[in-house]
Amino acid sequence: MEKSQEKGVSPQTTSPTPSEHVGDTYEVVNDVETHGEMKRVLSKRMIHVISLGSQIGSGLFIATGKALRDGGPGSLVLGYGMVMTLVWASLQTLSEMTIAFPVSGNFIDYADRFVDPALAFGAGFAEWLGWTAVVASEATFFSVIINYWAVGKVHEAVWYTIFLLFCGGLFLLSTKWFGWFEYAASLLKIMALIIFIIVAFAMVLGAGPTGEKHTGETWRDYPVFINGFRGFGNSALFGIWAMGDQVFTGIMAGEAKSPRYSMAHATKLVPIRVFSTFMLSIAFISILIPQDDPRLFGGSGVAASPFVIALNDAGIKGLPDFLNVVMMIGIASIAVESIYISSRIMRSMALQGLIPKFIANVDKEGRPRWAVAFTVLVAVVLTYINLTAGGIEVFTWLVSITSSSFFLVWFVLCITSFRFRAALKAQNDPLWTEAYAYQTWFWPIPVVWLFAGSTILLISCFYVGLYPIGVEKASVYYFFQYMIGVVTVVSFTIGYKILYRTKIRDPKTADLQTGRRTLEGEELEMLNEYYKRSALRRFYTYIQLW
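The following paragraphs examine the structure supplied in this document. Note that residues are indexed from 1 along each chain, following the sequence as it is written. With the structure being a predicted model, the display of local features is reserved for residues of pLDDT at least 70 and the display and counting of side-chain atom pairs for 80 or more, all residues being used for whole-chain, interface and lining totals. Heavy atoms from the whole structure form the basis of all side-chain values; hydrogens and water molecules are not counted.

1. Brief notes about the overall build of the protein
Helix and strand definitions here come from DSSP, where helices need a minimum of 4 consecutive H or I residues and strands a minimum of 2 consecutive E residues; each element is numbered from the N-terminal end. From N to C terminus, the protein includes 20 helices and two strands. Per-residue burial over the protein gives 61% buried out of 546 residues. Whether two residues touch is decided by their heavy atoms; if any such pair falls within 4.5 Å, the residues are in contact. Contacts spanning at least 24 positions in sequence make up 83% of the contacts within the protein whose residues lie at least 6 apart. Just so you have it, the protein exposes about 20,600 Å², and 67% of that area is on carbon and sulfur atoms. Burial classes follow relative accessibility: with a 1.4 Å probe on protein chains only, a residue under 20% of its type's maximum area counts as buried, one over 50% as exposed, and anything between as partly exposed. Note on areas: Shrake-Rupley with a 1.4 Å probe; residue coverage comes only from the protein chains shown.

2. Considerations on the nonpolar core
Throughout this description, the term nonpolar core refers to a set of buried Ala, Val, Leu, Ile, Met, Phe, Trp, Tyr and Cys residues connected via side-chain atoms within 4.5 Å. Among the nonpolar cores identified, the biggest contains 150 residues, and Y80, F107, F114, F163, F407 and W410 are the most heavily contacted of them. The greatest single-element share of this core, amounting to 21 residues, is contributed by helix α6 (residues 117-150). Counting eight residues, the second largest nonpolar core, distinct from the first, contains Y261, Y436, M526 and Y531.

3. Some remarks on empty space enclosed by the protein
The rule is simple: put a 1 Å grid over the protein atoms alone, call a set of points where a 1.4 Å probe fits but cannot get out a cavity, call an open set with protein on both sides within 12 Å along at least five of seven lines a pocket, and count a residue as lining if it has an atom within 4 Å of a point. Grid points are joined across faces, edges and corners, and a volume is the space filled by probe spheres set on the points. Tallied over the full model, the rule gives six cavities of 30 Å³ or more. Approximately 130 Å³ is the volume found for the largest cavity. In terms of lining, the largest cavity is formed by 15 residues, of which the most central are I99, L431, E434, A437 and R517. Here the lining of the largest cavity gets three residues from one element, more than from any other, and that element is helix α4 (residues 63-100).

4. What about the packing of helix α12 (residues 259-288) against helix α19 (residues 521-532)?
Across the interface, α12 lies against α19 with an axial gap of 10 Å and an inter-helix angle of 45°. Considering their axes alone, α12 and α19 lie oblique with respect to each other. Across from P259, R260, Y261 and H265 in α12, the residues of α19 making contact are E523, M526, L527, Y530 and Y531. Note that Gly is not counted as nonpolar here; it falls among the polar residues with everything else outside the nonpolar set of Ala, Val, Leu, Ile, Met, Phe, Trp, Tyr, Cys and Pro and the charged set of Asp, Glu, Lys and Arg. For the contact of α12 with α19, the residue count by class is six nonpolar, one polar and two charged. Note on method: axes are straight lines fitted to C-alpha atoms, helices fitted across the in-contact stretch only, with angles between N-to-C directions ranging 0 to 180 degrees. With respect to orientation, any angle under 35 degrees is reported as roughly parallel, any angle over 145 as roughly antiparallel, any angle of 65 to 115 as roughly perpendicular, and every other angle as oblique.

5. What to know about the packing of aromatic side chains
Planes of paired rings set the category: under 30 degrees apart is stacked, over 60 is edge-to-face and the rest tilted, where pairs are Phe, Tyr or Trp rings (Trp by its six-membered ring) whose centres lie within 6.5 Å. For the structure shown, the criterion picks out 28 aromatic pairs. Where Y496 meets Y500, the ring centres are 4.5 Å apart and the plane angle is 35°; that geometry is what we call tilted. Residue Y496 and its partner Y500 are located together in helix α18 (residues 476-500), separated by four residues, close to a single helical turn. For Y496, a relative accessible area of 6% translates into the label buried. Over the face of the ring belonging to F101 we find R113, whose NZ or CZ atom lies 4.7 Å from the ring centre. Lysine and arginine charges are scored as sitting over a ring when NZ or CZ, respectively, is within 6 Å of the ring centre and within 35 degrees of the ring normal. A cation sits over an aromatic face here: R421 above W443, 4.4 Å from the ring centre.

6. Comments concerning the packing of α4 against helix α10 (residues 228-243)
Relative to each other, α4 and α10 sit at 60°, their axes nearing to 6 Å. On the basis of the axis angle, α4 is oblique to α10. The handedness of the crossing between α4 and α10 comes out as right-handed. Grouping the constituent residues of the contact of α4 with α10 by class yields 16 nonpolar, eight polar and two charged. Two helices cross in a left-handed way if the nearer one is turned anticlockwise from the farther one by less than a right angle. They cross in a right-handed way if the turn is clockwise.

7. Points about a nonpolar patch on the surface
Like charges are joined within 9 Å and nonpolar side chains (Val, Leu, Ile, Met, Phe, Trp, Tyr) within 5 Å, but only among residues with over 30% relative accessible area and no salt bridge; these make up the patches. Should a side-chain nitrogen of Lys or Arg be within 4 Å of a carboxyl oxygen of Asp or Glu, the pair is scored as a salt bridge. Together, F358, W370, F374, L377, V381 and I385 line one region of the surface with nonpolar side chains, adding up to about 530 Å² of accessible area. Within the fold, W370 resides in helix α15 (residues 369-384). With relative accessibility at 37%, the residue W370 sits in the partly exposed group.

8. Some words on the pattern of salt bridges
Two side chains of opposite charge can pair, provided their charged atoms sit close to one another. The final tally for this structure, using the stated rule, is ten salt bridges. Taking the shortest distance from any N to any O, the salt bridge between K497 and D116 comes out at 2.4 Å. Taken together, the positions of K497 in helix α18 and D116 in the loop between α5 (107-114) and α6 put the pair 381 residues apart, joining distant regions of the chain. On the basis of relative accessible area, D116 is assigned to the buried category, the value being 5%. Each member of the salt-bridge network shares a partner with another, and the members are K66, R69 and D70.

9. Here's the deal with helix α17 (residues 445-466)
The span you would expect from a helix comes to 1.5 Å times its residue count less one. A rise of 1.5 Å per residue sets the reference length of α17, with its 22 residues, at 32 Å; its end C-alpha atoms lie 32 Å apart and thus fit the reference within 8%. Within the sequence span of α17, burial applies to P446, V447, L450, G453, S454, L457, S460, C461, V464 and G465. Down the axis of α17, the buried set is contained in an arc of 140°. They therefore lie on one face. Arc, as used here, means the arc of the directions from the helix axis to the C-beta atoms.

10. Observations concerning the side chain of T440
Within the element layout of this structure, T440 appears in the loop between α16 (391-426) and α17. The class of T440 is buried, set by a relative accessible area of 5%. With sequence-adjacent residues up to four places away left out, T440 is seen in contact with Q92, T93, E96, R421 and P446.

11. What to know about α6
In this model α6 runs 49 Å from its N-terminal to its C-terminal C-alpha over 34 residues, within 8% of the 50 Å that 1.5 Å per residue would give. Counting buried positions over the 34 residues of α6 gives 32, a clear majority of the element. Definition of a polar contact: a pair of N or O atoms within 3.5 Å, with one able to donate and the other able to accept a hydrogen when the atoms are protein atoms, and with sequence-neighbouring residues admitted only if both atoms are side-chain atoms. Of the residues flanking the start of α6, the one acting as N-cap is D116, its side-chain oxygen 2.8 Å from the backbone nitrogen of A118. Once α6 ends, the next one or two residues include V151, with phi positive near 50°.

12. Some thoughts on unusual backbone geometry
Working note: non-glycine residues mostly have negative phi, and peptide bonds are mostly trans. Following W443, the chain continues into P444 via a peptide bond in cis, with omega recorded as 10°. Along the chain, P444 turns up in the loop between α16 and α17. Backbone geometry at N227 places phi at a positive 65°, although glycine is not the residue there. Positionally, N227 belongs in the loop between α9 (217-220) and α10. Look at R501: it is not a glycine, yet its phi comes out positive at around 50°.

13. Notes on the environment of I289
Tracing the sequence through the fold places I289 in the loop between α12 and α13 (306-313). For I289, a relative accessible area of 0% translates into the label buried. A sequence separation of 17 residues divides I289 from P306, and the C-alpha atoms of the two residues are 7.3 Å apart. When sequence neighbours within four positions are dropped, the list of residues in contact with I289 reads L68, T218, L296, P306, I309 and A310.

Structural data, given as structure tokens:
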């Protein structure tokens, strides 16, 4: 965590409340009396562990196989590696706004108050659509994983139904149950990845019943890069789908007991976790499995995880089954995260007046029931579409929607960050002098790199859409298959702008008070006590899992 100099604490401002745009104003709406109250029930330990384990799902466990098959080991490592640096940049960009304004809608709220309501609507729709599509793609992968044992003996519709009932049913319980499930699933995923990395390292050196050593033959005897820039672009798009846009932690901060502590921890922790576990896992996959293995997802054989393939090839009994169980739980965890994010985004849009206000209603348990219901309904429809078309075809559409939605959100984060800073400067706001204020490291470097990297992803999406891998000549169908997310979001933003004639926010009058959280009371005492500890004891809080 970053500790700024304590030059003073500004007087207490209003407690976090939602707002809506009316013309060029930003009116406060009474959240508790009108729509019900969201509850801060997610502890700092829950958010700490969930941040470590979030996004470890099908994008890492399975889709890396498709990226390896279509792009080769070089494109796999470079594509995922570039996205990992963008994850760091996005968290840095988001954190200083989230810690100052820890509202549940997060960057949708910031885009409205600092830039333009139309941009908030477009970004909110992108985020909601992208994460809802993730639920459907995870259901598809759940069927793939369970068929490791079922071998196609049970119809896919049965597995889809079981998966959706579990994920949707969890939200009939209080938010604490969501937190504890994600906490347990994250612990299991972290443990499984650590085990795989250790075992993979031993396998490279010849451990296991077969005794086969790996001396880099997958990099030496096979093409390192396949399909040129298309292979790299495809891998990068899979990478952003696997790692997400990382606004999940920021949205959880709206229901965290201590947003300052939790978000600042996650800003350091998530990039370290992504670089260590993801990158090491991907490196070992590229060494242990050749790119032409027919078992890789999308190949001619049975779809399978490259992690399981590697363990099976080494002849290690029992470990592939254990990893398969972990993947099933991990995939369910990602789907549950996706419903959580999508429903909170939808509720925030309703509070801001971007969509019908009744969707913002929260019950006595703190659950946004209408937002959850609409999100689950759309996820169910997208999931069962898989039964009416080829699985790989639908999967490509879902990944394209999700990936493009995520990097478009990153563009919005960049624009919002600059406008947020402009508002602070124009109003001479003392935010940075408040106790434990958080500032982006080396601003604006992370913001500039996030914008540049998102531009590369946009070009990749456009190019792969024009010349998809395995297709000889361009067609309108394939172009829109890859660009549908971009076209939809841009069209919705422009359409909203024209329809409602929204105005760009003036930095001199932008709202810097609604929802602002000035540290005081128990939270301030907790942070004071935290920084009195030695550096070693503070470091322990980053690795403590209980």
